[in-house]
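Examination of the molecular architecture
Residues per chain, in single letters:
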Amino acid sequence: MKLLQGDALVRMADVGEVDAIITDPPYSSGARRDADKQVRGAMLREMDDADWFSHDTMTAWGFGWFMRALFAEARSHLSAGAHLYVFCDWRQTPNVYAILESCGYRVNHCLVWRKPHYGMGSCWRNQHENIVFASLGMPAPMLNRGVGSVLDAGNVAPGKRLHPTEKPVSLLRQIVSAIPARRILDPFMGSGSTGEAALSLGREFVGIEVDPAHFLTAEGRLAKIQPDMFALTETR
């Protein structure tokens, strides 16, 4: 296990080789919750928001530049056939497709995370998120070919969340258990949900997190899963 605190673009140089990326980047879709879309405005952007988390208010240009730079840099650290799973909402899905293709990845599919309950909002209320599946060249064969493209999992209960947009470990375990990845990277580690899923299934994990507080949360959380495992933690 290797945990790196700092900017993902900077710390990517310290990652080493990995076989998969599973990550939940800032969606930067103009609002933090569905009900806020109309009141906050689609282009209301401030980089510092004390009650939210870093980099979730970038413009489409900023999001595109940052994500393209990150995934271009990640290529040199990925094994042939490595899988990439990138969480995004419906607004950013076309942009994520374009970003990954422009970096030379092969976009294979778009998985759907289906939630048991729909969220706040009007008209058609959101009950899902997208997960773009790409690979470095032809994807390495799945370990489990008997899984569909719609994954069911409930949200982490608000009172139990360690991060504002925390993804459920049960969902991440469905992905990790199906793919042939020995060493998994999450460059937007947050509170460490991807790491918990990976370590609990016997995989190695590399995580990067820019926010010092969330980094400490992830470090403590993952140390409890495998306390006897050597963890290289670095800050910069």
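Here the residue numbering is sequential within each chain, running from 1 through the sequence in written order. Restriction of local features to residues with pLDDT of at least 70 applies here, the model being predicted, together with a cutoff of 80 or more for giving and counting side-chain atom pairs; totals for whole chains, interfaces and linings are based on all residues. Side-chain measures here rest on the full set of heavy atoms in the structure, leaving out hydrogens and waters.

Brief notes about the environment of arginine 161
- The helix count covers DSSP runs of H or I at least four residues long, the strand count covers runs of E at least two residues long, and both are numbered beginning at the N terminus. Examined against the element boundaries, arginine 161 turns out to sit in the loop between β6 (150–152) and α5 (169–178).
- Distance from arginine 161 to serine 191, taken between C-alpha atoms, is 8.9 Å for residues 30 residues apart in sequence.
- Note on contacts: a residue pair is in contact if any heavy atoms of the two residues lie within 4.5 Å. The contacts of arginine 161, once residues within four sequence positions are left out, are Asn155, Val156 and Glu166.

Overview of the nonpolar core
- Take the buried residues of types Ala, Val, Leu, Ile, Met, Phe, Trp, Tyr and Cys, join any two whose side-chain atoms come within 4.5 Å, and each joined set is a nonpolar core. Burial here depends on accessible area, computed with a 1.4 Å probe over protein chains only, as a share of the maximum for the residue type. Under 20% is buried, over 50% is exposed, and the range in between is partly exposed. Of all hydrophobic cores here, the largest spans 32 residues; its most connected members are Phe71, Leu100 and Tyr105.
- Mapped onto this core, the elements with two or more residues apiece are β2 (18–23), α3 (60–74), β3 (78–88), α4 (93–102), β4 (106–114), β5 (128–135) and β8 (204–209).
- The element contributing the most residues to this core is α3, with six residues.

Here's the deal with the packing of aromatic side chains
- Here a Phe, Tyr or Trp ring, Trp counted by its six-membered ring, pairs with any other such ring whose centre lies within 6.5 Å, and the pair is stacked when the planes are under 30 degrees apart, edge-to-face when over 60, and tilted otherwise. All chains considered together, the criterion is met by three aromatic pairs.
- Aromatic side chains phenylalanine 71 and tyrosine 105 sit 6.3 Å apart centroid to centroid with 85 degrees between the ring planes, which places their arrangement in the edge-to-face category. With phenylalanine 71 in helix α3 and tyrosine 105 in the loop between α4 and β4, this pair connects stretches of sequence that are 34 residues apart.
- A cation over a ring is seen here: arginine 75 above tyrosine 105, with NZ or CZ 5.8 Å from the ring centre. Two conditions define a charge sitting above a ring: the NZ of Lys or the CZ of Arg must be within 6 Å of the ring centre, and it must be within 35 degrees of the ring normal.

Things to note about the pairing of β8
- With five of six residues buried, β8 is to be regarded as a mostly interior element.
- In the sheet, strand β1 (residues 2–5) pairs with β8 via four bridges, with the strands oriented parallel. Note that in β8 the partner of glutamine 5 across the bridge is glutamate 209.
- The criterion for strand pairing is that DSSP finds at least two bridges linking the strands in question. Across four bridges, the pairing between strand β7 (residues 183–186) and β8 is parallel. Following the sheet pairing, isoleucine 184 is matched in β8 by phenylalanine 205.
- A clockwise course of the path from the first strand over the helix to the second, judged with the strands pointing away from the viewer, identifies a crossover as right-handed. In this fold, β7 hands off to helix α6 (residues 193–200), which returns the chain to β8; that crossover is right-handed.

Some remarks on helix α7 (residues 212–225)
- To estimate the expected span of a helix, subtract one from its residue number and multiply by 1.5 Å. With 14 residues, α7 extends 20 Å between its outermost C-alpha atoms, agreeing within 8% with the 20 Å of an ideal straight helix rising 1.5 Å per residue.
- Turning to α7, its buried residues number three or more, namely His214, Phe215, Ala218, Arg221 and Leu222. Viewed along the axis of α7, the buried residues span an arc of 135 degrees, placing them on a single side of the element. Seen from the buried face of α7, the exposed residues on the opposite side, beyond 90 degrees, are Pro212, Leu216 and Lys224. As used here, the arc belongs to the directions running from the helix axis to the C-beta atoms.

Some words on the pattern of salt bridges
- Salt bridge, as used here, is a side-chain nitrogen of Lys or Arg placed within 4 Å of a carboxyl oxygen of Asp or Glu. Applying the stated criterion across every chain, the model contains eleven salt bridges.
- In this structure, arginine 11 and aspartate 14 form a salt bridge, with 3.0 Å as the shortest nitrogen-oxygen distance.
- Classification of arginine 11 by relative accessible area gives buried; the value is 1%.
- For aspartate 89, the salt bridge goes to arginine 91, with nearest N and O atoms at 3.8 Å.
- With a relative accessible area of 28%, arginine 91 lands in the partly exposed category.
- Each member of the salt-bridge network shares a partner with another, and the members are Asp19, Arg182, Arg183 and Glu204.

Comments concerning the packing of α6 against α7
- Orientation of α6 relative to α7, taken along the N-to-C sense of each, is 15 degrees, at an axis distance of 10 Å. Taken together, the axis directions place α6 and α7 in an arrangement best described as roughly parallel. For the pair α6 and α7, the crossing hand works out as right-handed. Only Arg221, Leu222 and Ile225 of α7 make contact with α6, whose side of the interface consists of Ser193, Gly195, Glu196 and Leu199.
- Taken together, the residues of the contact of α6 with α7 break down into three nonpolar, two polar and two charged. Simply put, an axis is a line fit to the C-alpha atoms, just over the touching stretch for a helix, and the angle between two N-to-C directions goes from 0 to 180 degrees. Roughly parallel refers to an angle under 35 degrees, roughly antiparallel to one over 145, roughly perpendicular to one between 65 and 115, and oblique to any angle outside these ranges. Should the near helix be turned anticlockwise from the far one by less than a right angle, the crossing is termed left-handed; should it be turned clockwise, right-handed. Gly is placed with the polar residues, together with every amino acid not listed as nonpolar (Ala, Val, Leu, Ile, Met, Phe, Trp, Tyr, Cys and Pro) or charged (Asp, Glu, Lys and Arg).

Some details on the packing of α3 against α4
- Orientation of α3 relative to α4, taken along the N-to-C sense of each, is 40 degrees, at an axis distance of 9 Å. Between α3 and α4 the crossing geometry is right-handed. Where α3 approaches α4, its residues Phe63, Gly64, Met67, Arg68 and Phe71 are matched on the opposing element by Val96, Ile99, Leu100 and Ser102.

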